[in-house]
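A closer look at the structure
The primary structure of each chain is shown beneath.
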Amino acid sequence: MKSHAKAVVIGGGVVGCSVLYHLTKFGWTDVVLLERSQLTSGSTWHAAGGMHTINGDPNVAKLQQYTIQLYKEIEELSGQDIGLHMTGGIMLAATEARFDWLKGILAKGRYLGLEAELVTPAEAAELMPLIDPSQFVGALYDPVEGHLDPSGTTHAYAKAARKNGAEIHIETRVEDLVQKPDGTWRVITDKGEIVAEHVVNAGGLWAREVGRMVGLELPLLAMEHMYLLTDDMPEVAAHNAATAKEMLHAVDFDGELYLRQERKGMLMGTYEKACVPWSEIDTPWDFGHELLAPDLDRIAPSLEVGFRHFPAFQNAGIKQIINGPFTFAPDGNPLVGPVAGLPGYWCACAVMAGFSQGGGVGLALANWMIEGDPGFDVFAMDVARYGNWATLAYTNAKVRENYSRRFSIRYPNEELPAARPLKTTPIYDLMLSKGAQMGASWGLEQPLWFAPEGVSDSFSWRRSTDFEHVGAEARAVREAAGLMEISGFAKYTVEGFGARDWLDTMLAGRIPAEGRMTLAPMLKEDGKLIGDFTLANLSAERYFIAGSGIAEEYHMRWFEADLPDDGSVTVVPHGVGITGLSVAGPKSREILQGLTRTDLSADAFKFMDIAEAEIGMAPVILSRISYTGDLGYEIWCAPEYLRYLFQAILEAGEPHGLKLFGLRALNALRLEKGYGSWAREYRPVYGPLEAGLDRFVALKKEADFIGKAAALGEKEDGGALRLRTFVVEAKDADVIGDEPIWFNGEVNGWVTSGGYAHASNVSVAMGYVPKEIANEETGWEIELLGARLAAQLQKRPLFDPDGARMRG
Ligand SMILES: Cc1cc2nc3c(=O)[nH]c(=O)nc-3n(C[C@H](O)[C@H](O)[C@H](O)COP(=O)(O)OP(=O)(O)OC[C@H]3O[C@@H](n4cnc5c(N)ncnc54)[C@H](O)[C@@H]3O)c2cc1C
């Protein structure tokens, strides 16, 4: 074993071997993989080996597409047979609601270039004759699905990496990781030590342990998972003989089953509701090539549905039941990327579908390590989407929920109940008493809308029980005033004598004057958006930033990576250590003026002003800004004042018609103003010009801010896309995001978000289209639930296009 390496990959499952291969493919050949036992000795060896492109998140789907396309390459390069069977697959819907979901999947697939198509139950049964068509209402056929040999595939990655120069050491367990003062890592194994610039945690079932070596509690948990293999089935033999083809893969969502041919019989697996975690706290180091005891009772309810939906199984003998563990993050997506505060430590963990996702994870991580950027939009699998609130117990509850719902529909208005409430603010109970319907984001309970007694969300793809009440909230803001809690924003204080200069290079906007705020995009080197902040100048050496709540850890990772080490700047994330309220609407000034001595008149406290103030008895930071796009204020305070402030403002607002509003009304309001939001319109694959934020990028400022050269380039060549707002002729459902945008009969863009803009009485979609057609007035349609709806391009915001209300 060598003593030094550029990178050490810990773990020889399919994911570690893919990372190793990609590192060598992109030029890092001084790389070593260490495997505790034999390659595949974690969850990889007993996988069912199924793979598909389709995923609810289009960005993850793209990486799955890449993974499948890669298999030919590694097979050829390594000379290792991976046992690839591209059978195609069929996704079955037994209910109309599920069929609606499949239509959405098909629609997303259009702009990803997927070739899937909807088929009738009879057509599905023709393609896959084990199906009883009377049990289904429709299906989606996807030709790019199949299965492979898990062990052959892992060895193919490994052999290809070795050919490119990598070293692999089996029977070598990493026992500890120690970072040296120069930032390199001592990788301490039972066979000696290697010093490496980079270490990759691809520890699979032991990823938590490899995290704990550096003080990291990664939010992942292994679950037991069962599939059964049948004896040879005559129906399978007949189909093979008649068509010279294998049985298609099938996913039966309502039975929570997946199936495929295995030799001359079938393999049937299930994500059972009565699921069971494995090794909840620690993973035993001596676990290896053994299986867990099967438990037929646990999967019996799913099997019963399976026997009904696929009657031939009633006569099939069970040859073997496989029960093995594999790991999940709370939302089921992988945990990939660097970790704030641990330079050189990389994660490639919680990959629950290694044979669909392993290639994409390897590609993204290798790009990230070598180029400093994953090269794709990987926010959905970024390890930074969780913070230290995602504890072991939180993860346990959420992973169980996710596993048991693996094949369940999640409606756009559905909030999942596990691990809640976790984080609450001091007005949580007050808001509940006012009918707040809560959602959890970044672990924090936040009101979505306020329901009258006896009303709650009924889950649907279509407009639901909340529609009229959210409408009333939105209209109250436009007509009088609304009060909303905004503690869920991320807030940071940037302090120190170097703060101004540092911010000037980190952020693309101008640094505002003291007592002023500005919208400040943050770009990465390639000029793409990695943040959309509100930056406030509180005093010469003290700045306040508000940003997206779900991106706190993500942004801290960017901030920390670039902080000077001379102590001249500190950045403190506040979480809910600072809480906030927003008062918005034409009466908001009058309401607040009654509670403060600060002069709020239009000339004294202008749009984008910020100041320390007192509201009633409470000391606050008061700013004049509102994401509703209306006249409005954001009030930041220590949590101990929040309850008092909430009640004082509610009381003062009552005679003025002030109403509580939640995130759904806020969405309706920002849509009619054309405001984008982080993780929807603003993501690390769009440039500021494309996203319509170019006016906030100070290309002429002196500071050489990160991404300046690329932003100048974007200005010159115009980028590729434009963010646009459309009014959609929707009837009983509104877009939510990821629907295709059609132009003159062809798919030419995608929706990033949408909803009903209640105060304007129209259905709205925002999305990206190619810049060449971005100003075309006619020819637009947006596909929703299987129908193409006429859409009208909006050149100006629907509400207050000149900003008179906002600035007045
Ligand atoms: C029953 C079952 C069916 C499945 N079916 C499918 C399927 O059809 N399709 C699909 O895509 N996925 C399927 N999976 C999931 C799939 O197995 C996983 O996604 C995949 O194996 C994850 O690979 P990994 O490399 O991340 O982890 P692992 O396979 O767990 O590999 C981690 C490796 O790291 C090594 N290691 C850990 N710690 C150390 C250390 N300190 N030092 C040295 N080495 C270390 C381990 O020995 C192990 O070999 C299934 C899983 C199960 C259990």
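These numbers come from a predicted model, not from an experiment. (Residues numbered from 1 in each chain as written. Predicted model: local features only at pLDDT ≥ 70, side-chain atom pairs only at ≥ 80, totals over all residues. Heavy atoms only, no water.)

Now for the side chain of Thr534. Counting through the fold element by element, Thr534 comes out in strand E25 (residues 529–539). The residues contacting Thr534, other than those within four sequence positions of it, are Met517, Thr518, Phe544, Ile545, Ala546 and Ile625. (Helix = DSSP H or I, 4+ residues; strand = E, 2+ residues; numbered from the N terminus. Contact = heavy atoms within 4.5 Å.)

Attention shifts here to the site of the ligand. In the vicinity of the ligand lie 39 residues, with Glu35, Arg36, Thr44, Gly50 and Val351 positioned nearest. In this structure, Val15 approaches the ligand through a main-chain N or O atom, which is 3.1 Å from an oxygen atom. Contacts to the ligand include Val174, whose backbone N or O atom sits 2.9 Å from a nitrogen atom. Protein chains bury 97% of the 1000 Å² of accessible surface belonging to the ligand in isolation. Contributions of two or more residues to the shell around the ligand are made by helix H1 (14–25), strand E12 (221–230), strand E17 (318–328) and helix H9 (354–371). By residue class, the composition of the shell around the ligand is 19 nonpolar, 17 polar and three charged. The residue makeup of the shell around the ligand includes at least three contributed by each of domain 1 (1–83 + 146–218 + 329–387) and domain 2 (89–143 + 221–325 + 407–419). (Near = heavy atom within 4 Å. Polar contact = N/O pair within 3.5 Å; in protein donor to acceptor, adjacent residues only side chain to side chain. Areas by Shrake-Rupley, 256 points an atom, 1.4 Å probe, with all protein chains shown as cover. Nonpolar A, V, L, I, M, F, W, Y, C, P; charged D, E, K, R; others polar. Domains from an automatic or database assignment.)

Okay, the domain arrangement of the chain next. Domain parsing of the chain yields domain 1 (1–83 + 146–218 + 329–387), domain 2 (89–143 + 221–325 + 407–419), domain 3 (490–573) and domain 4 (579–656). Taken over C-alpha atoms, the centre of domain 2 sits 54 Å from the centre of domain 4.

A few words on the packing of helix H2 (residues 58–78) against helix H5 (residues 150–163). Close contact between H2 and H5 brings their axes to 9 Å; oriented N to C, the two are set at 60°. As summarised for this structure, H2 and H5 are arranged oblique, according to the angle between their axes. Remark: the crossing between H2 and H5 carries left-handed chirality. Contact residues: H2 offers Thr67, Leu70, Tyr71, Ile74, Leu77 and Ser78, while H5 offers Thr153, Ala156, Tyr157, Lys159, Ala160 and Lys163. Counted by class, the contact of H2 with H5 contains seven nonpolar, three polar and two charged residues. (Axes fitted to C-alpha atoms, helices over the stretch in contact; angles between N-to-C directions. Parallel < 35°, antiparallel > 145°, perpendicular 65-115°, else oblique. Left-handed = near helix turned anticlockwise from the far one by under 90°.)

Quick look at the sheet that holds strand E32 (residues 658–660) now. Read across the sheet, six strands follow the order E29-E30-E31-E28-E22-E32 without closing on themselves; strand pairing throughout is mixed. Two strands in the sheet have a free side with no partner beyond their single neighbour: strand E29 (610–615) and E32. For this sheet, the mean angle separating the axes of adjacent strands, direction not counted, is 30°. Sheet contacts for helix H16 (residues 639–653): strand E22 (481–485), strand E28 (579–584), E29, strand E30 (618–623), strand E31 (632–637) and E32; angle to E28, the most-contacted strand, approximately 15°. (Pairing = 2+ DSSP bridges.)

Time to look at the UniProt feature "domain: FAD dependent oxidoreductase" (unreviewed entry) in the chain. With numbering aligned to this structure, UniProt lists the feature "domain: FAD dependent oxidoreductase" (unreviewed entry) at residues 7–368. For residues 7–368, the helix share is 32%, the strand share is 27%, and the end-to-end C-alpha distance is 13 Å. (UniProt positions renumbered as here; feature names shortened; annotations may be inferred.)

What follows deals with the packing of aromatic side chains. In total, this model carries 35 aromatic pairs according to the counting rule given. Relative to Trp780, the ring of Phe743 has its centre 4.6 Å away and its plane inclined at 45°; by these criteria the two rings are tilted. Here the residue Phe743 occupies a position in strand E34 (residues 740–743), and Trp780 occupies one in strand E37 (residues 780–784), the gap between them amounting to 37 residues. Accessibility assignment for this pair places Phe743 and Trp780 in one class, buried. Every member of this aromatic cluster is reached through a ring pair, and the members are Trp101, Phe253, Tyr258, Tyr271, Phe326, Phe328, Tyr403 and Phe407. (Phe/Tyr/Trp six-rings, centres within 6.5 Å; stacked < 30°, edge-to-face > 60°. Buried < 20%, exposed > 50% of the residue type's maximum accessible area, 1.4 Å probe, protein only.)

Its 17 residues place the ends of helix H3 (residues 96–112) 25 Å apart at the C-alpha level, agreeing with the 24 Å of an ideal helix rising 1.5 Å per residue. Extensive coverage of H3 is indicated by the burial of 12 of its 17 residues. Among all positions in H3, only Arg98, Phe99, Asp100, Leu102, Lys103, Ile105, Leu106, Ala107, Lys108, Gly109, Tyr111 and Leu112 are buried. Immediately downstream of H3, the backbone of Gly113 shows phi near 80°, a positive value. (Expected span 1.5 Å × (residues − 1).)

Counted according to the given criterion, the structure contains 41 salt bridges. The partner of Asp630 in a salt bridge is Arg478, and the shortest N-O contact between them spans 2.9 Å. Here Asp630, found in the loop between E30 and E31, pairs with Arg478, found in helix H12 (residues 467–479); they are 152 residues apart in sequence, far enough to count as distant. Take Asp630 and Arg478: they sit in the same class, and that class is buried. With a shortest N-O distance of 2.9 Å, Arg805 and Asp630 are connected by a salt bridge. Of this pair, Arg805 sits in helix H19 (residues 804–807) while Asp630 is found in the loop between E30 and E31, placing the two residues 175 residues apart along the sequence. Overall, Asp630 belongs to the buried group, its relative accessible area being 1%. Here the salt bridges do not stand alone but share partners, grouping Asp100, Lys103, Arg462 and Asp732 into one network. (Salt bridge = Lys/Arg side-chain N within 4 Å of Asp/Glu carboxyl O.)

Taken in spatial order, the six strands of this closed barrel run E33-E36-E35-E34-E37-E38, and their pairing is antiparallel. Within this sheet the neighbouring strands show an average axis-to-axis angle of 45°, counted without direction. Where E34 meets strand E35 (residues 746–757), three bridges bridge the pair, whose relative direction is antiparallel. Its bridge partner being in E35, Trp742 is matched across the sheet by Val747.

With that settled, consider the side chain of Gln261. Structurally, Gln261 can be placed in strand E14 (residues 257–262). At a separation of 2.8 Å, a polar atom in the side chain of Gln261 contacts the side chain of Asn240.

Over its 14 residues, H5 runs 20 Å from end to end, which matches the ideal 20 Å to within 8%, given 1.5 Å per residue. Summarising the contacts, the buried residues of H5 are in contact with H1, H2, strand E8 (167–169) and H9. Measuring from the side-chain oxygen of the N-cap residue of H5 to the backbone nitrogen of Ser151 gives 3.2 Å; that N-cap residue is Asp149. Gly165, located one to two residues past H5, shows a positive phi value of around 115°.

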